[in-house]
Amino acid sequence: MSTATGASVNAGTGGEAAPAAEARRPQAARKPSTMAQALNRALRDSLAEDPSVHVLGEDVGALGGVFRVTDGLTKEFGEDRCTDTPLAEAGILGTAVGMAMYGLRPVVEMQFDAFAYPAFEQLVSHVSRMRNRTRGRLPMPITVRVPYGGGIGGVEHHSDSSEAYYMATPGLHVVTPATVADAYGLLRRSIASDDPVLFLEPKRLYWSKADWSPEQPESVPEIGRACVRRAGTSATLVTYGPSLPVCMEAAEAAARDEGWDLEVVDLRSLVPFDEETVVESVRRTGRAVVVHESAGFAGPGGELAARIGERCFHYLEAPVLRVSGFDIPYPPPMLEKHHLPDVDRILDAVSRLQWESEWRAGGTPEGGVR
Amino acid sequence: MTVLEQSGSYHLAPPPAWRPRRDPAPLLPDQEPYRLLGTGAQLDGDLLLELYGRLVRGRRYNQQATALTKQGRLAVYPSSTGQEAAEVAAAMALREQDWLFPSYRDTLAAVARGLDPVEVLSLLRGDWHSGYDPRASRVAPLSTPLATQLPHAVGLAHAARLKGDDVVALAMVGDGGTSEGDFHEALNFAAVWQAPVVFLVQNNGFAISVPLAKQTAAPSLAHKGVGYGMPGRLVDGNDAAAVHQVLGEAVERARRGEGPSLVEAVTYRVDAHTNADDATRYREAAEVEAWREHDPVALMERELRSRELLDDEGARRTAESAEEMARDLRERMNRDPELQPMELFEHVFEHRTPQLEQQARQLRAELDAEHDASAAPGAADHSGSTKGDS
Ligand SMILES: Cc1ncc(C[n+]2csc(CCOP(=O)(O)OP(=O)(O)O)c2C)c(N)n1
Ligand SMILES: [Mg+2]
C-alpha cells in the first residue's frame, strides 16, 4: 500500500501556466513548506488583502485549528477576523450565509469531513441556491474548507470522502488541491470567487512538502482547469486530491516495470469539471482509468467514466475503468489499507485495458475470459 | 428529598473553574402574555388608527391571496389570517436600514414593510423563487425550510455590527420551527455574539396538524430564551398595540447594543395550514370559533370605537382602501407572468460552466423548435384539432 508523501508531485511543475508566469517574476525565495503551511499562508494573505474576509470555525483561534491551518491568524488579525464559534456546524455555515448577505466573504472551517454533515442543509438549501433564488442579487462568496479522505489512521468519522454529495448539488464549486503550490493558489482563488466553493483538503497531504514560495494566485489557473501532471502515451489516469501521489507512483512503476507510459491528469476542480483536458488526453491515449478514494457506486468516477464514454467512444481501445474505495462505510484504521486505492490496484486496472488482441476476441475487462 | 426535588445551597466551595454566570430571573417571561388593548392603558390614538388600517388591509390581503389560489393564480398560499397583528407589528418595528427575515407564512410582513405584493408572491405563484431584491428591500427571501433563516439573521446582524453599522435583524419563525436544531443554534450564536437580532416566534398553536403540546414541554416558548442567556417575552399576538410595543422595545434594545431577545406572540392560525390543507381532520370548529372572539382586527376596532376614535364612516373608508389594494393585486395577478426559461441557467454560478453552457444551448434549441412549430403555416389548425380531440 502506498503512503506517498506527494513529494514527487510537488517536485514537478504545477500547472501548464506556471513556467511562463515564473519567468516573468523575479525569483521569490523558495522554502520547504507543507501543504498546511501553504493553506495557512493563503488565509493570511487573503485576510490581509481583503478586509471583508472572515475566518470562522471550531478551534481556529488560539489552537490554530486541529491541523494548524489557521495558526496565528487570530493573533495577527484579531478575534473578529478569525473567530472561534460555538460548536455547531449548521450554525457556523448559517451565520456565514447572513454575513455573505451583508457583503462579507466568510471562510468556514469544518473540523473534519464527517463533521460537516450537520451543515449540509444550509449548504444545499441556501448556500448553493441563494444566487439562483434571488436572480443573482445575493451571491454567496463563501468558502467551506473541509479536511477530507483517509490514510491518516483516523478512527471512525475522521476519514470520509464526501465529494460526491457536494458534486451532486448544483450551485457549488468543488475544488481539491493535490500539491503545495495548488493548495495556496486554489484557496486564494476560492476565497476571491463570488460563488460558494467546497474546498476539500486532502488530510494525508497536509504534511506533504515542496520547495515553494507564495506565488500570485494568477500563476495558478482559474478554478475549473485540470492539468496534466505526467505526460504519457499509453493510457490516462484521471484523478484528484489525495489519489494524485498514488497515481504518480503507479505511473513511475508502470514505466519501470511494465513499459507503459501513463499520462496522469489532476482535475483540481471537480465542479466545474474540465472536460476538455480529460477528453483531449483520453482521445490521445485511447485508454482511461479513473482513480479516487470515495466509494465507487454513484461516485465521481461514474460521472467521469460516462462523460469520457460519451465524448471519446470512437477513440477508446477499452472500457473506462474505475479504481475507487469499496462501497463500504470507511474502515477502521487498521484495515484502511485494504480499502484505499494503491499502486497495485491501479496497475491491475491498467493491465485490464485490453492490451492483447485476445481481449478483443472474448476477454472481459473484469479479468478472466468469457 | 432528593436534589432533583429540591435544590438548595451547599455551603461548600464550588468546583475550581465554576463561577456564577448571570442571574436568570430578569430573562424569564411573565406568566401571562402582555396585553394593552382593553386594559385602559394610555395609548397613542394615531398609532392605534394606523395599526387598524394596516390590520384591515392585511386581512383583505390574506383573503385576496387565498382567493387567488382558487383561481389558479397562486400555486399555494399559507394564510396569516388571525395573525395580522404580529405580521404588521414586525414590519413596523424596523427602521429603513434594518433587515426582516420572514418565513413562507410571513408574506404580509414583507408587504407591510412596503414591498410590492406581486413581487412578494412570486414564490407562491411559481414564476421565480424570490421575486424581490433582498438587498434593496432589506427583506431576506421567504424561507421555506423551517428555522434555517434564523442563523442568517444572526450572521447578518453580526456582520453589520462588525462594520459598525446601525442595523437590527428581526427573524420570524413558527412554534413548530422552534423544535428545529437551527432555532437552537441561531439563538445560541446570537447570544454568544451579542448580535443585534430579535427572534419573533408566532405561536399559532399548530405546525400543520401538530399542536404545541407535542412540540415542547417548555413552560412557554419564551422561556427558551433563558437557556441561551437572552430575555424571553410573552405577548398577546392578537393585540396589535402590545406586539407593536414589545417588538419595538426589543428592536431598540438590540440597536443599543444590549443583545438579542426572544418574543413569543401567542396567536392562532384561523385558516388551514395552506389552501391545500384540511384542518377539520385535527381540530374542533369550536376552538376556531373561540379564537374568532379574540380576532386581532375586531379587538382593535372595538378599542377604537370605545375610545371614540373610529365611527362607521371611518371604518367604511378603511375598508375601501383595503378593497382598492385587493383590486389592484387581483388585476395584476390575473395577468400571466412573463416567463424567461433561458434565465434558468443565468444565476447558477457567476459564470456558466461548460456543461451548463451546453445544456443552455439544448434548451435554446428546444424553445426555438417549439416557436418554429407554432409559427409554421397550418400550426393554428393543428393546435385547434388537438384541442378538439381532448
Ligand atoms: C425543515 C422542514 N421540515 C418540514 C417542513 C414542512 N413544513 C412546512 S410548514 C410546517 C409546519 C411549521 O409549523 P410552524 O413552525 O408552527 O409554522 P406555521 O406553519 O404554523 O406558521 C412543516 C412541517 C419544512 N418546510 N421544513
Ligand atoms: Mg405554527
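Report follows, based on the coordinates. (Residues numbered from 1 in each chain as written. Chains lettered and ligands numbered in written order. Predicted model: local features only at pLDDT ≥ 70, side-chain atom pairs only at ≥ 80, totals over all residues. Heavy atoms only, no water.)

## A look at the overall build of chain A
Test applied: A run of H or I in DSSP becomes a helix once it reaches four residues, and a run of E becomes a strand once it reaches two; helices and strands are each numbered from the N terminus. Buried means the residue's accessible area, taken with a 1.4 Å probe over protein chains only, is under 20% of the maximum for its type, while exposed means over 50%, and partly exposed covers the values in between. Contacts between residues were defined by any pair of non-hydrogen atoms, one from each residue, lying within 4.5 Å. Computed with the Shrake-Rupley method and a 1.4 Å probe, the accessible areas treat only the protein chains shown as cover for residues.
If you tally the helices and strands in chain A, you get 14 helices and 14 strands. Going through the 370 residues of chain A one by one, you find that 62% of them count as buried. Within chain A, residue pairs in contact and separated by at least 24 positions form 81% of the contacts whose partners lie at least 6 positions apart. Roughly 14200 Å² of accessible area belongs to chain A as shown, and the carbon and sulfur atoms make up 52% of that amount.

## Remarks on unusual backbone geometry
All names here are of chain A. V271 connects to P272 through a cis peptide bond whose omega is -5 degrees. Tracing the backbone through its elements, the reader meets P272 in the loop between β12 (269-271) and α11 (275-285). Of note in this structure, R135 is not a glycine but carries a positive phi near 55 degrees. As for its placement among the helices and strands, R135 is situated in the loop between α7 (130-133) and β5 (143-148).

## A few points about the interface of chain A and chain B
Many descriptions give the size of an interface as the accessible area lost when the pieces come together. Worth spelling out the cut-off: Once two parts are put together, the accessible area they lose, assessed with a 1.4 Å probe and summed over both, is termed the buried area. Only one rule defines a salt bridge in this text: a Lys or Arg side-chain nitrogen within 4 Å of an Asp or Glu carboxyl oxygen. The term polar contact refers here to a pair of N or O atoms within 3.5 Å; inside protein, the definition further demands a hydrogen-donor-capable atom paired with an acceptor-capable atom, and it admits residues adjacent in sequence only when both atoms are side-chain atoms. Each residue receives one of three labels: charged for Asp, Glu, Lys and Arg, nonpolar for Ala, Val, Leu, Ile, Met, Phe, Trp, Tyr, Cys and Pro, and polar for the others, Gly being one of them.
Taken residue by residue, the interface counts 45 residues in chain A and 42 residues in chain B. Summed over the three residues of chain A that lose the most area to chain B, namely A:Y102, A:R135 and A:R137, the buried surface amounts to 20% of that side. Along the contact surface separating chain A from chain B lie two salt bridges. The shortest N-O distance in the salt bridge between B:D133 and A:R137 comes to 3.9 Å. Here chain A is connected to chain B by 18 residue pairs in polar contact (both at pLDDT 80 or more). Taken together, the elements giving at least two residues each to the side of chain A that touches chain B come down to β2 (53-57), α5 (89-101), α6 (120-127) and α7 of chain A. If you tally residues by element for the side of chain A that touches chain B, the top one is α5(A), at 11 residues. Of the residues that constitute the side of chain A that touches chain B, the class distribution is 18 nonpolar, 16 polar and 11 charged.

## Notes on the site of ligand 1
Put simply, the rule reads: By convention in this text, a residue qualifies as near a molecule or strand provided that one of its non-hydrogen atoms is within 4 Å of it.
Lining the immediate environment of ligand 1, one finds 16 residues, of which B:Y104, B:R105, B:D175, B:G176 and B:G177 sit closest. Nearby residues place ligand 1 at the junction of chains A and B. B:N204 is positioned with one of its side-chain polar atoms (N or O) 2.9 Å from an oxygen atom of ligand 1. Taking B:F206, its main chain carries an N or O atom lying 2.8 Å from an oxygen atom of ligand 1.

## Description of the coordination of the magnesium ion (ligand 2)
Residue and element names in this part refer to chain B. Which entries qualify depends on this criterion: Here the coordinating atoms are restricted to nitrogen, oxygen and sulfur within 2.8 Å of the metal centre, or 3.2 Å for Na, K and Ca, and because water is not among them the sites may look incomplete.
Looking at the magnesium ion (ligand 2), one finds its protein donor set to be D175 (OD), N204 (OD1) and F206 (O), positioned 2.0 Å from the metal centre. Considered as a linear motif, the donors of the magnesium ion (ligand 2) on their single chain read D-x28-N-x1-F. In this pair, D175 sits in the loop between β2 (169-174) and α8 (181-193) while F206 sits in strand β4 (residues 206-207), placing the two residues 31 residues apart along the sequence.

## A word on the sheet that holds strand β3 (residues 82-84) of chain A
Note: strands within a sheet are paired through backbone hydrogen bonds, in either parallel or antiparallel orientation. Residues and elements named next belong to chain A. Where we set the bar: At least two bridges found by DSSP between two strands is the condition for calling them paired. Angles shown run from 0 to 180 degrees and are taken between the N-to-C directions of axes, each axis being a line fitted to C-alpha atoms and, for helices, limited to the stretch in contact.
Strand order in this open sheet of seven strands is β3-β2-β4-β5-β7-β6-β12, and the pairing throughout is mixed. What marks the edges here is a single partner per strand, and that holds for β3 and β12. Shown here is a sheet whose adjacent strand axes are inclined to one another by a mean of 20 degrees, direction ignored. Both β5 and strand β7 (residues 197-202) contribute to a ladder of six bridges, which runs parallel. Opposite T143, over in β7, you have V197 as the bridge partner. The strands touched by α5 are β2, β4 (105-109) and β5; relative to β4, the strand with the most contacts, the crossing angle is about 170 degrees.

## Focus on α5(A)
Residue and element names in this part refer to chain A. The line we're drawing: To estimate how far a helix should extend, the number of its residues minus one is multiplied by 1.5 Å.
Between its first and last C-alpha, α5 extends 18 Å over 13 residues, near the 18 Å set by a 1.5 Å rise per residue. Counting buried residues in α5 gives 13 out of 13 residues, a clear majority hidden from the surface. Of the residues one or two after α5, G103 is the one with positive phi, at around 100 degrees.

## Re a negative patch on the surface
Residue and element names in this part refer to chain A. The condition is simple: Residues qualify for a patch when their relative accessible area is over 30% and they have no salt bridge, like charges being joined within 9 Å and the nonpolar side chains of Val, Leu, Ile, Met, Phe, Trp and Tyr within 5 Å. By the counting rule applied here, Lys and Arg register as positive and Asp and Glu as negative, while His and the ends of each chain are not counted. Charge positions are represented by NZ for Lys, CZ for Arg, CG for Asp and CD for Glu.
There is a patch of like negative charges on the surface, built from D59, E79, D80 and D84. Looking at the element boundaries, E79 is found in the loop between α4 (73-77) and β3. Residue classification places E79 among the exposed positions, given a relative accessible area of 62%.

## Comments concerning the nonpolar core
Basically, it comes down to this: Here, the term nonpolar core denotes a set of buried Ala, Val, Leu, Ile, Met, Phe, Trp, Tyr and Cys residues that are joined through side-chain atoms within 4.5 Å.
Judged by nonpolar contacts, the single largest core of 85 residues is most densely connected at A:L93, A:L267 and B:F199. Contact partners of B:F199, with chain neighbours within four places excluded, come to B:L150, B:V154, B:A171, B:A186, B:L187, B:A190, B:M230, B:P260, B:S261, B:L262 and B:V263. B:L37, B:L100, B:A240 and B:V243 belong to the second-largest nonpolar core, a separate cluster that totals 59 residues.

## Looking at the pattern of salt bridges
Pairs can form between side chains of opposite charge once their charged atoms are near each other. Residues and elements named next belong to chain A. Per the stated rule, a full pass over the model turns up 53 salt bridges over all chains. A salt bridge links R311 to E275; the shortest N-O distance between them is 3.0 Å. Of this pair, R311 sits in helix α12 (residues 300-312) while E275 sits in helix α11; the two residues are 36 residues apart in sequence, bridging distant segments of the chain. R311 gets classed as partly exposed once you look at its relative accessible area, which sits at 27%. Through salt bridges with shared partners, one network takes in E275, E276, E303, R307 and R311.

Take it as geometry only, folks, not as evidence of what the structure does.
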